[in-house]
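An overview of the molecular structure
Letter by letter, the chains look like this.
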Amino acid sequence: MQTVLENIQAIFAFQNATIHKIVCNKRKKSASFYMITDKTYTKEDVNEVEKILQTAIPATFTLSIHIQKSIADAELIKNAILAFITKQTLLSIFIQKEDISIIMDANNVICQLHSTESEYSYLQNNHTFLEELQEYLRSQFCNNIQIEYILDLQKENVMPKLQEVEDDSLEEQKIRTFAIEDFVAIDKKDIVQQATYIADCTFIAENLTICGEIIDIKLSISKAEKEYLRLTINDKSGIMQTCYFFKKRTKEEIDKLQIGDFITCTGKNEIFNNTLSFTTQYINKGRYPQNFVPTVKKGRNVSANYKIVYPEKIVDYNQINIFEKEFLPKEFVENSFVVFDIETTGLVNDPLTGKMDTVTEIGAVKIIDAEITEKFSVLIDPKRKLDPKIIALTGITDEMLIGQPTIDKVVGDFYKFCYGAVLVAHNIPFDFKFMKYYCEQENYILENKRIDTVTFAQEMLSLANYKLNTVANHFNITFNHHRAFDDALTTAKIFIELVKLKKGLPMY
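Residues numbered from 1 in each chain as written. Predicted model: local features only at pLDDT ≥ 70, side-chain atom pairs only at ≥ 80, totals over all residues. Heavy atoms only, no water.

**Some thoughts on the overall build of the protein chain**
Counting its regular elements, the protein chain contains 16 helices and 20 strands. Among the 508 residues that make up the protein chain, the fraction classed as buried is 47%. Taking contacts inside the protein chain between residues at least 6 apart in sequence as the whole, the part at least 24 apart equals 66%. A total accessible area of about 26600 Å² is found for the protein chain, and carbon and sulfur atoms account for 50% of it. (Helix = DSSP H or I, 4+ residues; strand = E, 2+ residues; numbered from the N terminus. Buried < 20%, exposed > 50% of the residue type's maximum accessible area, 1.4 Å probe, protein only. Contact = heavy atoms within 4.5 Å. Areas by Shrake-Rupley, 256 points an atom, 1.4 Å probe, with all protein chains shown as cover.)

Have a look at this one:
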């Protein structure tokens, strides 16, 4: 394929061209090439490209070429780098837009990533990141792109201090949408060619359209013995599952759909078995815009005052003393961390997988200047009966929760307590998913950086298992397990011990 690309680049209009995707369909005997070029081209140029590509595929295959014209500028490249870095949890907290500088000439681009000494060492040793970022940028732009790491001793690894505002009053929330590109009618022509972000599809609707890439597709049979498709769609803002029942007039075309295809789905978003469920009535072809980066949803502002849960000061004379602090990593001492734990009615923390469980207790502590300074603790009325197994595990009873605030009344105070801090928890994906969901129900957008003490302990210790009580025993920490505040405080102490062992923060 390298020789094929070199032959294409011998054509002047395609001398900087890249092939960023190839889709082959053995069943249809077709090959589609998706190319990017930065120069104006003629029909004759395309014919020459077609002849070259035809030599790269079997003679029985049909060929299609999709050409996108793309000229890089510094702003576009910076945005592309940031979009890629958001997937690298450690780098995303330290490398911001202002840490990227771009040097360009006609065909060459040098991207400089400015970093502190510790970040510089990490970047230099992480060859996979360099190669993947470079490959990603070259797939997006035609220029010859190189990445350089710049050691910047003036750069500080301090999270920005976020300013509080006077209240958390909610402005009118707009549902985010994007224009559908490359629309081709299969099922229905007169579809409004504007798709709603999947992340925003949390409301009941009779006529909802989503658009994205098929990441899973399965043929199923209903109880009435009717064939239907189960599809999973990704539009970069979120993932949604949907089902579609075949129609005779479109079955042949719909049968051709496969993973990687881009489609639009229009249908009903309604409550089914106590869960919001999307059923597709019409499928057409279409995609989100090229180089699509979802806009950030605006949520409520952080309140200036707590309303339900008032944090309390913690004084622990066994904590790190002032002389030990100078040996701790700067990014630990100068940032704030909220270590939290929750108790719940069950394990379902994603509405796509069933009826959401809810939270019965939140416990959290704040670490500022390397010391545990505040606690946040509250019981929550789930408005449902607890499973006897949950009662036996946590010791929390139905009677204890009657009259306590509900989760919608508490999340604003939790959001305020966490504002501007890195979140830490033991098995954080589980707890964070609950809190993110219930915060978003009240339009608080919880997007803090996160550290998982499970993976941190796995990195630093060799234990039989990495359950909270096992790791706590290793550090001789005793506590009342399965109550949120006690678990949070214990996790905080474990986190500090792990930081002292590593003399640094984990990758996050």
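**Quick word on the environment of Val302**
With respect to the element layout, Val302 can be found in the loop between strand S14 (275-287) and strand S15 (312-313). C-alpha separation for the pair Val302 and Tyr419, spaced 117 residues apart in sequence, amounts to 7.5 Å.

**Quick word on the environment of Phe495**
Inspection of the secondary structure puts Phe495 in helix H16 (residues 484-502). Since its relative accessible area comes to 0%, Phe495 is described here as buried. Every residue in contact with Phe495, bar those within four places of it in the chain, is listed here: Phe332, Phe337, Ile367, Val424, Ile451, Thr453, Phe456 and Leu505.

**Comments concerning the sheet that holds strand S16 (residues 337-344)**
Taken together, 6 strands build an open sheet; the order of strands is S15-S18-S17-S16-S19-S20 and the sheet is mixed. Each edge of the sheet is formed by a strand with only one pairing partner; in this case those strands are S15 and strand S20 (450-452). Relative to strand S18 (residues 371-379), S15 runs antiparallel, the two being bridged by 2 bridges. Paired with Lys313 across the strands is Glu374, a residue of S18. This element, helix H14 (residues 453-460), spans strand S19 (422-425) and S20 of the sheet and lies at about 55° to S20. (Pairing = 2+ DSSP bridges. Axes fitted to C-alpha atoms, helices over the stretch in contact; angles between N-to-C directions.)

**Let's talk about unusual backbone geometry**
Here Lys29, not a glycine, exhibits a phi torsion of approximately 55°, which is positive. One non-glycine residue, Lys383, lies in the positive phi region at around 60°. Among the secondary structure elements, Lys383 is positioned in the loop between S18 and helix H10 (388-394).

**Comments concerning H16**
Relative to the 27 Å expected for 19 residues at 1.5 Å per residue, H16 spans 26 Å between its end C-alpha atoms, a close match to the ideal helical length. Every buried residue of H16 is listed here: Ala484, Phe485, Asp487, Ala488, Thr490, Thr491, Ala492, Ile494, Phe495, Ile496, Leu498 and Val499. Backbone geometry just downstream of H16 places Lys503 in the positive-phi region, at approximately 60°. (Expected span 1.5 Å × (residues − 1).)

**A closer look at the packing of aromatic side chains**
Each aromatic ring pair is summarised here by two numbers: the centre-to-centre distance and the angle between the ring planes. Inspection of every chain in the model, using the stated rule, returns 19 aromatic pairs. When the centroid spacing of 4.9 Å and the interplanar angle of 85° are considered together, the rings of Tyr437 and Tyr438 count as edge-to-face. For Tyr438, a relative accessible area of 11% corresponds to the buried category. Grouped by ring-pair contacts, the aromatic residues Phe178, Tyr197, Phe262, Tyr288 and Phe292 constitute a single cluster. A cation sits over an aromatic face here: Lys21 above Tyr34, 4.7 Å from the ring centre. (Phe/Tyr/Trp six-rings, centres within 6.5 Å; stacked < 30°, edge-to-face > 60°. Lys NZ or Arg CZ within 6 Å of the ring centre and 35° of its normal.)

**A closer look at helix H3 (residues 74-85)**
Over its 12 residues, H3 extends 16 Å from the first C-alpha to the last, a length consistent with the 16 Å expected when each residue adds 1.5 Å. All buried positions along H3 are accounted for by Ile77, Ala80, Ile81, Phe84 and Ile85. Axial view of H3: buried residues confined to an arc of 135°, hence all on one face. (Arc of directions from axis to C-beta.)

**So, the packing of H14 against H16**
Closest axis-to-axis distance for the H14/H16 pair is 10 Å, and the angle between their directions is 35°. Relative to H16, H14 is oriented so that their crossing is left-handed. Two secondary-structure elements touch here, H14 through Thr453, Phe456, Ala457, Glu459 and Met460 and H16 through Thr491, Phe495, Leu498, Val499, Leu501 and Lys502. Residue classes in the contact of H14 with H16 are distributed as 7 nonpolar, 2 polar and 2 charged. (Left-handed = near helix turned anticlockwise from the far one by under 90°. Nonpolar A, V, L, I, M, F, W, Y, C, P; charged D, E, K, R; others polar.)

**Here's the deal with the pattern of salt bridges**
One pass over the full model with this rule turns up 17 salt bridges. Ionic pairing is found between Arg249 and Asp187, a salt bridge with its closest N-O pair at 3.3 Å. Taken together, the residues Arg249 in the loop between strand S12 (239-245) and helix H7 (251-254) and Asp187 in the loop between strand S8 (181-184) and strand S9 (194-196) connect sequence positions 62 residues apart. Here Lys188 and Asp190 are joined by a salt bridge, their closest N and O atoms 3.2 Å apart. Using a relative accessible area of 56% as the deciding quantity, one classes Asp190 as exposed. Salt bridges sharing common partners tie together Asp187, Lys247 and Arg249. (Salt bridge = Lys/Arg side-chain N within 4 Å of Asp/Glu carboxyl O.)

**A look at the confidence of the model for the protein chain**
With 84% of its residues at a pLDDT of at least 70, the protein chain reaches an overall mean of 83. Confidence over residues 156-166 falls short of pLDDT 50; this stretch has 27 contacts with residues more than four positions distant or in other chains. (pLDDT = per-residue confidence, 0-100.)

**Comments concerning the packing of helix H12 (residues 407-418) against helix H13 (residues 428-441)**
Two numbers describe how H12 lies on H13: the axes approach to 9 Å, and their chain directions differ by 105°. Taken together, the axes of H12 and H13 are roughly perpendicular relative to one another. Mapping the contact onto sequence places Ile407, Val411 and Phe414 in H12 and Met435, Tyr438 and Cys439 in H13. (Parallel < 35°, antiparallel > 145°, perpendicular 65-115°, else oblique.)

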